[in-house]
Amino acid sequence: MSGRIGLFGGTFNPVHIGHLVVAQDILNKLKLEKMYFIPCGTPPHKVGSDMLEARHRQAMVKLAIRDNPGFTLSDVELKRKGKSYSIDTVRHFKGKYPDARIFFIIGADILPALHTWKDINILINECEFVVMTRPEHDTIEKAVRNVGHFLNVRDVEVSSTEIRNLIRAGKSIHYMVPREVEKYIADEKLYKH
Ligand code: ATP
């Protein structure tokens, strides 16, 4: 692989069509060869709450992306012991693809907290940030235009929070997640309480 690769991190609790649509959008716009979906680890104190353990979140991502050769699951953050930092993730991929351009995807909502990230000044030189913007984030966007690329992505009004709430309320999540993810959630009786 010569290289243009995207890193798309998230909790994916669960993965939904919003994630898939924007990931494909970005892959097309930046002409990426691969988009890596990177579920974050589960902090021990969060298991048992709304946050599913990693194996379920990972299994759902696997099901959601398996028909797309441009999408790949990475368990690099799941395998890491202790606290996980983006700088370590980016360095992992730089080691794997030394000649590639690495695009690190973030939501515009994260921008205000970016300066608190570990080694952020190093990180912005080790990869190219791609900030997914939506119309309401215009002001933030203008304030930090020097961070990297800004890409307007399609607005898909779906979030994992909404999906979890619908399930808890006994409502259907049909069309909001891929069919196989819907089936997995039902079979494993996830997010019921
Ligand atoms: P939650 O509702 O639990 O906070 P979420 O739906 O935002 O979850 P995450 O796994 O936290 O999902 O998201 C991973 C990345 O995908 C983040 O950068 C987030 O901004 C982005 N994202 C999530 N949902 C959408 C969407 N509908 N459209 C565009 N980007 C999205």
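Below, the structure is looked at part by part. (Residues numbered from 1 in each chain as written. Predicted model: local features only at pLDDT ≥ 70, side-chain atom pairs only at ≥ 80, totals over all residues. Heavy atoms only, no water.)

## Some remarks on the side chain of Ser 160
Now for step 1: Positionally, Ser 160 belongs in helix α7 (residues 160-168).
Now for step 2: Judged by relative accessible area, Ser 160 falls into the buried class, the value being 9%.
Now for step 3: Residues within four places of Ser 160 in sequence aside, it is in contact with Asn 13, Pro 14, His 16 and His 19. (Helix = DSSP H or I, 4+ residues; strand = E, 2+ residues; numbered from the N terminus. Buried < 20%, exposed > 50% of the residue type's maximum accessible area, 1.4 Å probe, protein only. Contact = heavy atoms within 4.5 Å.)

## Brief notes about the site of the ligand
Now for step 1: Close contacts around the ligand come from 19 residues, with Phe 12, Val 156, Val 158, Ser 160 and Thr 161 the closest.
Now for step 2: Within the backbone of Thr 11, an N or O atom sits 3.0 Å from an oxygen atom of the ligand.
Now for step 3: Separating an oxygen atom of the ligand from a backbone N or O atom of Ser 160 is a distance of 2.8 Å.
Now for step 4: Contact with the protein chains removes 81% of the 600 Å² of surface that the ligand exposes when unbound.
Now for step 5: Put simply, the parts of the chain that give the shell around the ligand at least two residues each are β1 (4-10), α1 (17-29) and α7. (Near = heavy atom within 4 Å. Polar contact = N/O pair within 3.5 Å; in protein donor to acceptor, adjacent residues only side chain to side chain. Areas by Shrake-Rupley, 256 points an atom, 1.4 Å probe, with all protein chains shown as cover.)

## As for the environment of Glu 157
Now for step 1: Mapped onto the secondary structure, Glu 157 falls in the loop between β6 (148-152) and α7.
Now for step 2: The exposed category is assigned to Glu 157, whose relative accessible area is 62%.
Now for step 3: Considered as a pair, Glu 157 and Ile 17 are 140 residues apart in the sequence and their alpha carbons are 9.5 Å apart.

## Thoughts on the packing of aromatic side chains
Now for step 1: Tallied over the full model, the rule gives nine aromatic pairs.
Now for step 2: Put simply, the rings of Phe 8, Phe 12, Phe 37 and Phe 71 touch in pairs and so form one group of aromatic residues.
Now for step 3: Stacked on the ring of Tyr 85, the Lys or Arg Lys 118 has its end atom at 4.8 Å from the ring centre. (Phe/Tyr/Trp six-rings, centres within 6.5 Å; stacked < 30°, edge-to-face > 60°. Lys NZ or Arg CZ within 6 Å of the ring centre and 35° of its normal.)

## Here we look at α1
Now for step 1: When the terminal C-alpha atoms of α1 are compared, their 18 Å separation across 13 residues agrees well with the 18 Å that a helix rising 1.5 Å per residue should span.
Now for step 2: Looking only at α1, the buried set comprises Gly 18, His 19, Leu 20, Val 22, Ala 23, Asp 25, Ile 26 and Leu 27.
Now for step 3: Lys 31 lies just past α1 and shows a positive phi near 50°. (Expected span 1.5 Å × (residues − 1).)

## Here's the deal with the sheet that holds strand β2 (residues 34-39)
Now for step 1: One open sheet accounts for six strands, arranged β3-β2-β1-β4-β5-β6; its pairing is parallel. At either end of the open sheet lies a strand with only one pairing partner, and these are β3 (71-73) and β6. Between one strand and the next, the sheet's axes are offset by a mean angle of 30°, whatever the strand orientation.
Now for step 2: In this structure, strand β5 (residues 128-133) lies alongside β6, joined through five bridges in parallel fashion. Of the residues in β6, the one forming a bridge with Phe 129 is Gly 148.
Now for step 3: Across the sheet, α1 is in contact with β1, β2, β3, β4 (101-107), β5 and β6; its angle to β2 comes to roughly 145°. (Pairing = 2+ DSSP bridges. Axes fitted to C-alpha atoms, helices over the stretch in contact; angles between N-to-C directions.)

## Here we look at unusual backbone geometry
Now for step 1: Residue Asn 13 is joined to Pro 14 through a cis peptide bond whose omega torsion reads 0°.
Now for step 2: Looking at the secondary structure, you find Pro 14 in the loop between β1 and α1.
Now for step 3: Unusually for a residue other than glycine, Phe 12 sits at a positive phi of about 50°.
Now for step 4: By secondary structure assignment, the location of Phe 12 is in the loop between β1 and α1.
Now for step 5: With relative accessibility at 1%, the residue Phe 12 sits in the buried group.
Now for step 6: With a phi angle near 50°, Lys 31 is a residue other than glycine that sits in the positive phi range.
Now for step 7: Along the chain, the position of Lys 31 falls in the loop between α1 and β2.

## What about the nonpolar core?
Now for step 1: Counting residues in each nonpolar core, the largest one holds 39 residues, and the members touching the most others are Phe 8, Ile 26, Met 35, Phe 37 and Met 60.
Now for step 2: Taken together, the elements giving at least two residues each to this core come down to α1, β2, α2 (54-65), β4, β5, α7 and α8 (179-187).
Now for step 3: In terms of residues, this core owes the most to one element, α2, which gives six residues.
Now for step 4: The residues contacting Met 35, other than those within four sequence positions of it, are Gly 6, Leu 7, Phe 8, Ala 23, Ile 26, Leu 27, Gly 70, Phe 71, Thr 72 and Ile 105.
Now for step 5: Residues Ile 5, Ile 38, Leu 111 and Leu 114 belong to the second largest nonpolar core, which totals 22 residues. (Core = buried A, V, L, I, M, F, W, Y, C linked by side-chain atoms within 4.5 Å.)

Note that all results are geometric; they support no functional claim without further evidence.
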